[in-house]
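Okay, here's what each chain looks like letter by letter:
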There are 2 protein chains.
Amino acid sequence: MVANTQVIFSKVPTTYPVVGEHITVKKSEFDLDAPLADGEFVLKTLVLSVDPYMRGRMRDASTKSYSPPFALNEPMTGHTVKEVVKSKSSNFKEGDFVYGMGTFEEYFKTNDHVAKLYGLVVRNDPKTNGIPISNYVGILGMPGMTAYVGLYKIGEIKAGETIYISAASGAVGQVAGQIAKAQGLRVVGSAGSDEKVAHLKAIGFDGAFNYKTEDTATKLAELCPKGIDVYFENVGGKMLEVVLTQLNKFGRIIACGMISQYNLSEGEKVGGLMQIIAKSIKFQGFIVSDFPEAEPEFLKVVTEMILNKKIQYQESHAEGIEKTPEALLDVLKGKNFGKQVVDVAKP
Amino acid sequence: MVANTQVIFSKVPTTYPVVGEHITVKKSEFDLDAPLADGEFVLKTLVLSVDPYMRGRMRDASTKSYSPPFALNEPMTGHTVKEVVKSKSSNFKEGDFVYGMGTFEEYFKTNDHVAKLYGLVVRNDPKTNGIPISNYVGILGMPGMTAYVGLYKIGEIKAGETIYISAASGAVGQVAGQIAKAQGLRVVGSAGSDEKVAHLKAIGFDGAFNYKTEDTATKLAELCPKGIDVYFENVGGKMLEVVLTQLNKFGRIIACGMISQYNLSEGEKVGGLMQIIAKSIKFQGFIVSDFPEAEPEFLKVVTEMILNKKIQYQESHAEGIEKTPEALLDVLKGKNFGKQVVDVAKP
Ligand SMILES: NC(=O)c1ccc[n+]([C@@H]2O[C@H](COP(=O)([O-])OP(=O)(O)OC[C@H]3O[C@@H](n4cnc5c(N)ncnc54)[C@H](OP(=O)(O)O)[C@@H]3O)[C@@H](O)[C@H]2O)c1
Ligand SMILES: NC(=O)c1ccc[n+]([C@@H]2O[C@H](COP(=O)([O-])OP(=O)(O)OC[C@H]3O[C@@H](n4cnc5c(N)ncnc54)[C@H](OP(=O)(O)O)[C@@H]3O)[C@@H](O)[C@H]2O)c1
């Protein structure tokens, strides 16, 4: 028997979740010596990703939405990199690194059938290419791919245009900004602290501002002298209302997230939507998991950018699986600086 | 000298314009006997179109928007069919019918240069094809083309889908509904009177309801059992908020107009925008005049539909140019039944 700490979804919150109430840490055990059936294998979690959309999964199971609700009193799930520590599968061999939707616990037994269902894939590149494993749940994982898909499948970005990115220092935003910059756009971002803003400038944003201490409309007018052609929307609410006034004709809104709304018991309303017509704006939502066909190209392009030092990636690391609830709360409250990950174990 | 009644934009309104205050009728004269220079010609207005967007042009000239402001104390302009009554132009000959942006007055002298600038075109088909001239500012004019462009360039309509159209009995809506029906969609519409609703059913809508006397959410759920794939948005405000809750995944909003907002001193805010992301909705605005390349196909397709009695078109006729201000107010207040036109003179 080994210790198997689990992160449990324990109660549906109405506003911000509370650690120890809505999300709890449970100590349990796992039998590493139990024999495996054919096709079965045991995964040990190396790194896990806490992401804003998880707040939407912390809901009553009767409410429908794009991602399934967490099961009450069960371990939460999310993107992880795990290592195969025992195997009777020919697809997942001992020592393989496995990326995909995984349970938030230290050990987990699964099998080929379930692995296929959840789209788990072997991703052994970080063993040899020098890229940190945590990058595989960030810049090379779901958030990085969200930036890529948003820009290319939704945003129709073109060199010479101006893009504005909210929550720009985050897991998605910093990738979106640097790819857009490499593509020849003028890139402007906002974030919630001066440290984050300094980071944005350091990684090549043409302009950045702290939306908590400066006036968004004023700063956008100053930093986007030719107006905004593309808005990478991570925030929603009042931010969206202001950006609508500064979008150009034929502007696009890459509707990626609205994190300012996730912990409100009632969402804010947004004015000025007539501008969508007056300026022929395309305001389009997307969910990254609907674009699996984009993954090979995304991985190729962004891995090369990393290896050639054409892109940087800021991460916040929490150490130990028991820190997961706080790490998620940090993301929801903006305390993370860069992609928030939880380091669970070394390979 | 002949009488030349003009419709004058006389004051900027803050809510609904008032006839005699913001729009006034002016009696003036026109010298039909004055000699013409080369390239000049005189137009007599046959029919003119009053349209919702004109409310947006009744603004202070300093405010920018997609269509130019009306000039204060000058005749309003809009889509007209006029007849050439005198000409020294080789492009516009005596007796020709001319379609395009024209002044709201009985007579108007212009020239080849100005005609080109404003995109005036000779449209003599109604002399021989039996289609009423008024149709050329409605189903075969700007509103009909708006329906066509909205459905095909923005809405990505597909047979088997469900489309919901607000202000469905109007100039644009009734064309959109019948074309969508011909294309194999389930078509549902709403309008503001029982007479209009009966008309929608008579012209082939699968479902229709009076949004003033029935609950929109309830009726949409009932009439769109498979949800809404495409929303042809003419109204905005609360209607939009309700429709968002019933749109399907990958739904599209053809953002054509938001007439419920045009006469409010402050626009309404709209909630539930997170659904744009959760359901991967594309909410796209457009202005029909940005799609001139679609006109030949539109004219061909819809003229054939009319001649083959595959489409019907309801119009409200006001008689006499002096009725123009009331006719525009009727449109803004929903008193028009079908496309509102003003008959000014017979050819
Ligand atoms: N559509 C998809 O498939 C998809 C996939 C992944 C992510 N997303 C969305 O993309 C957005 C960014 O996600 P991420 O993973 O990159 O997160 P992140 O940016 O790393 O972390 C969230 C950040 O949002 C900001 N924030 C938090 N509360 C806020 C509030 N009330 N108002 C304004 N900003 C607030 C904070 O940064 P500041 O300090 O700058 O405020 C915080 O650091 C989220 O909305 C997420 O839901 C969508
Ligand atoms: N994007 C473009 O290029 C373009 C081009 C043309 C038109 N448009 C837009 O398309 C829409 C329809 O135009 P149309 O020419 O076909 O006009 P229309 O439908 O013939 O006339 C306007 C109708 O709107 C409805 N209405 C008026 N006030 C309303 C309110 N407060 N709330 C809800 N409905 C109201 C009324 O019908 P009910 O009795 O049913 O309420 C009225 O009859 C307008 O929004 C217009 O601005 C856009």
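Values in this document were obtained by computation on a predicted structure and should not be read as measured data.

For chain A, the helix and strand inventory stands at 10 helices and 15 strands. Rg of the C-alpha trace for chain A: 21 Å, near the compact-globule value of 20 Å for 347 residues, within the 12% margin. Expressed as lengths along the three principal axes of its C-alpha atoms, the size of chain A is roughly 65 × 45 × 35 Å. Within chain A, buried positions represent 58% of all 347 residues. For chain A, contacts bridging at least 24 residues in sequence account for 69% of all contacts bridging at least 6. In the structure as shown, chain A presents an accessible area of about 14,300 Å², 53% of it carried by carbon and sulfur atoms.

For the rest of this paragraph, the subject is the domain arrangement of chain A. Residues and elements named next belong to chain A. The domain boundaries assigned to chain A delineate domain 1 (2-137 + 314-343) and domain 2 (142-289). Put simply, the middle of domain 1 and the middle of domain 2, counted by C-alpha atoms, are 29 Å apart. Taken together, the contact between domain 1 and domain 2 spans 20 residues of the former and 14 residues of the latter. Contact with domain 2 buries surface across domain 1, with Tyr66, Gln314 and Phe337 losing the most and accounting together for 32% of the total. Summed over the shared surface of domain 1 and domain 2, the result is five residue pairs in polar contact (both at pLDDT 80 or more). Here the residues of the side of domain 1 that touches domain 2 are counted per class, giving 10 nonpolar, seven polar and three charged.

Turning next to the packing of aromatic side chains. All names here are of chain A. Taken as a whole, this structure holds 17 aromatic pairs over all chains when the rule is applied. Ring plane angle 25 degrees and centroid distance 5.6 Å describe the contact between Phe30 and Tyr107, whose orientation is recorded as stacked. Here Phe30, found in strand S2 (residues 23-30), pairs with Tyr107, found in strand S6 (residues 107-111); they are 77 residues apart in sequence, far enough to count as distant. When its relative accessible area of 15% is taken as the criterion, Tyr107 is described as buried.

All names here are of chain B. Val172, Lys196, Tyr211, Tyr262 and Asn336 are the nearest of the 26 residues found near ligand 2. Residue Asn336 places a side-chain N or O atom 2.4 Å away from an oxygen atom belonging to ligand 2. Relative to its free-state accessible area of 900 Å², ligand 2 is covered by the protein chains to the extent of 92%. Mapped by element, the contributors of at least two residues to the shell around ligand 2 are helix H3 (142-154) and helix H10 (324-333).

What follows deals with the relation of the copies chain A and chain B. Least-squares fitting of chain A to chain B yields an RMSD of 0.0 Å, with the transformation described by 0.0 Å of translation along the axis and a rotation of 180 degrees. The symmetry that links the two subunits is that of a two-fold axis. Looking at the interface residues of chain A, 100% of them are also at the interface in chain B, so both copies use one shared face.

A few words on the interface of chain A and chain B. In this complex, chain A contributes 29 residues to the contact, which on the side of chain B involves 29 residues. Around 2,300 Å² of area is buried between chain A and chain B when both sides are counted, 66% of it from carbon and sulfur atoms. Applying the counting rule to chain A against chain B returns four salt bridges. A salt bridge links Asp290(B) to Lys249(A); its shortest N-O distance comes to 2.5 Å. Secondary-structure elements contributing two or more residues to the side of chain A that touches chain B are helix H7 (238-246), strand S12 (247-255), helix H8 (274-278) and strand S13 (282-285) of chain A. Here the side of chain A that touches chain B is composed, by residue class, of 17 nonpolar, six polar and six charged. By the bridge criterion, three bridges tie S13(A) to strand S13 (residues 282-285) of chain B in an arrangement that is antiparallel.

Angle between the axes and distance between the axes: these two values describe a pair of packed helices. All names here are of chain B. Two numbers describe how helix H6 (residues 216-223) lies on helix H7 (residues 238-246): the axes approach to 10 Å, and their chain directions differ by 35 degrees. H6 and H7 meet at a crossing whose hand is right-handed. Residues Thr216, Ala217, Leu220 and Ala221 of H6 lie in contact with H7, whose contacting residues are Met239, Val242, Val243 and Gln246. Its residues placed into classes, the contact of H6 with H7 shows six nonpolar, two polar and no charged.

All names here are of chain A. Close to ligand 1 lie 26 residues, the nearest being Val172, Lys196, Tyr211, Tyr262 and Asn336. In this structure, an oxygen atom belonging to ligand 1 sits 2.4 Å away from a side-chain N or O atom of Asn336. For ligand 1, the protein covers 92% of the area, taking 900 Å² as the surface of the free molecule. Of all the elements in the fold, those that place two or more residues in the shell around ligand 1 are helix H3 (142-154) and helix H10 (324-333). Considered class by class, the residues forming the shell around ligand 1 number 17 nonpolar, eight polar and one charged. Looking at which domains feed residues into the shell around ligand 1, each of domain 1 (2-137 + 314-343) and domain 2 (142-289) supplies at least three.

By the criterion of burial, helix H4 (residues 173-182) of chain A is predominantly enclosed, with eight of the 10 residues buried. Within H4(A), burial applies to Gly173(A), Gln174(A), Val175(A), Ala176(A), Gly177(A), Gln178(A), Ile179(A) and Ala180(A).

Attention now goes to the UniProt feature "domain: Enoyl reductase (ER)" (unreviewed entry) in chain A. As annotated by UniProt and renumbered to match this structure, "domain: Enoyl reductase (ER)" (unreviewed entry) occupies residues 20-342 of chain A. In this annotation, residues 20-342 of chain A is assigned 27% helix and 26% strand; the end-to-end C-alpha distance for the span is 18 Å.

Looking now at the sheet that holds strand S8 (residues 162-165) of chain B. Pairing in this open sheet of 12 strands is mixed, and the strands run S10(A)-S9(A)-S8(A)-S11(A)-S12(A)-S13(A)-S13(B)-S12(B)-S11(B)-S8(B)-S9(B)-S10(B) from one edge to the other. Two strands close off the open sheet at either side, each with one partner strand: strand S10 (207-210) of chain A together with strand S10 (207-210) of chain B. Between one strand axis and the next, the sheet turns by 15 degrees as a mean value, whatever way the strands run. Sheet topology note: the strand S11 (residues 228-233) of chain A/S12(A) ladder contains five bridges and is parallel. Looking at S12(A), one finds that Glu233(A) is bridged to Ala255(A).

Analysis parameters
Residues numbered from 1 in each chain as written. Chains lettered and ligands numbered in written order. Predicted model: local features only at pLDDT ≥ 70, side-chain atom pairs only at ≥ 80, totals over all residues. Heavy atoms only, no water. Helix = DSSP H or I, 4+ residues; strand = E, 2+ residues; numbered from the N terminus. Rg over C-alpha atoms; globule rule 2.2 N^0.38 Å. Buried < 20%, exposed > 50% of the residue type's maximum accessible area, 1.4 Å probe, protein only. Contact = heavy atoms within 4.5 Å. Areas by Shrake-Rupley, 256 points an atom, 1.4 Å probe, with all protein chains shown as cover. Domains from an automatic or database assignment. Buried area = accessible area lost by both parts, 1.4 Å probe. Polar contact = N/O pair within 3.5 Å; in protein donor to acceptor, adjacent residues only side chain to side chain. Nonpolar A, V, L, I, M, F, W, Y, C, P; charged D, E, K, R; others polar. Phe/Tyr/Trp six-rings, centres within 6.5 Å; stacked < 30°, edge-to-face > 60°. Near = heavy atom within 4 Å. Least-squares fit on C-alpha atoms with pLDDT ≥ 70 in both. Salt bridge = Lys/Arg side-chain N within 4 Å of Asp/Glu carboxyl O. Pairing = 2+ DSSP bridges. Axes fitted to C-alpha atoms, helices over the stretch in contact; angles between N-to-C directions. Left-handed = near helix turned anticlockwise from the far one by under 90°. UniProt positions renumbered as here; feature names shortened; annotations may be inferred.

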